[in-house]
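What the coordinates show
Here is how the chains run, residue by residue.
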Amino acid sequence: MLSDTAEYALRATLYIAQNATPDRPVRVDEVAEALGLPRNSLSKTLHVLAKRSILVSTRGPAGGFQLAPRAELFPLARIIDAFDPLEPKSKSCVLGRAMCNDRNPCPAHNRWSKVSDMVRSFFRDTTVGDLLQEEGSLQ
């Protein structure tokens, strides 16, 4: 359901939240290796998250990324929305029909609407902190 970039952003944010300390930011290389993600695209993704105040970026030999203050309270939607807006500008039909809505539904409309609403609710209602509390949240 998510693009690779949005998935990488979510996974990397959780990894950084688990492994960075106030004295030790996590380097892009470490995240990429630990999660098996491509380093170059991950670096760009993490910088987008830093611009959105989800992560804090520190330059230099001891630099890297840390979770921004109080970011554990951020809903996952804040991370995902940087790459995959959860609220589409226009609800497109899952079957590709030009005209599909509650009044003129395609065969999948009612079922898909329920599923997509649940997915959006999960990302809006679940915080980074919620996932950090779950046992084995990323590993």
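Reference entry: report on the structure contained in this document. (Residues numbered from 1 in each chain as written. Predicted model: local features only at pLDDT ≥ 70, side-chain atom pairs only at ≥ 80, totals over all residues. Heavy atoms only, no water.)

Time to look at the pairing of strand 1 (residues 55-58). Of the pairings in the sheet, the one linking strand 1 to strand 2 (residues 64-67) comprises four bridges and is antiparallel in character. Among the inter-strand pairings, Leu55 is bridged to a residue of strand 2, identified as Leu67. In this antiparallel pair of consecutive strands, strand 1 and strand 2, the connection spans five residues, and Gly60 shows a positive phi of 105°. (Pairing = 2+ DSSP bridges. Helix = DSSP H or I, 4+ residues; strand = E, 2+ residues; numbered from the N terminus.)

The subject of this paragraph is the pattern of salt bridges. The full count for this structure, using the stated rule, is four salt bridges. Residues Arg11 and Glu7 are paired through a salt bridge, measuring 3.7 Å at the closest nitrogen-oxygen approach. With Arg11 and Glu7 both in helix 1 (residues 4-19), this residue pair falls four residues apart, about one helical turn. Between Asp29 and Arg39 there is a salt bridge, with the nearest N and O atoms lying 2.6 Å from each other. Taken together, the residues span a long stretch of sequence, with Asp29 in helix 2 (residues 28-35) and Arg39 in helix 3 (residues 39-51) at a distance of 10 residues. (Salt bridge = Lys/Arg side-chain N within 4 Å of Asp/Glu carboxyl O.)

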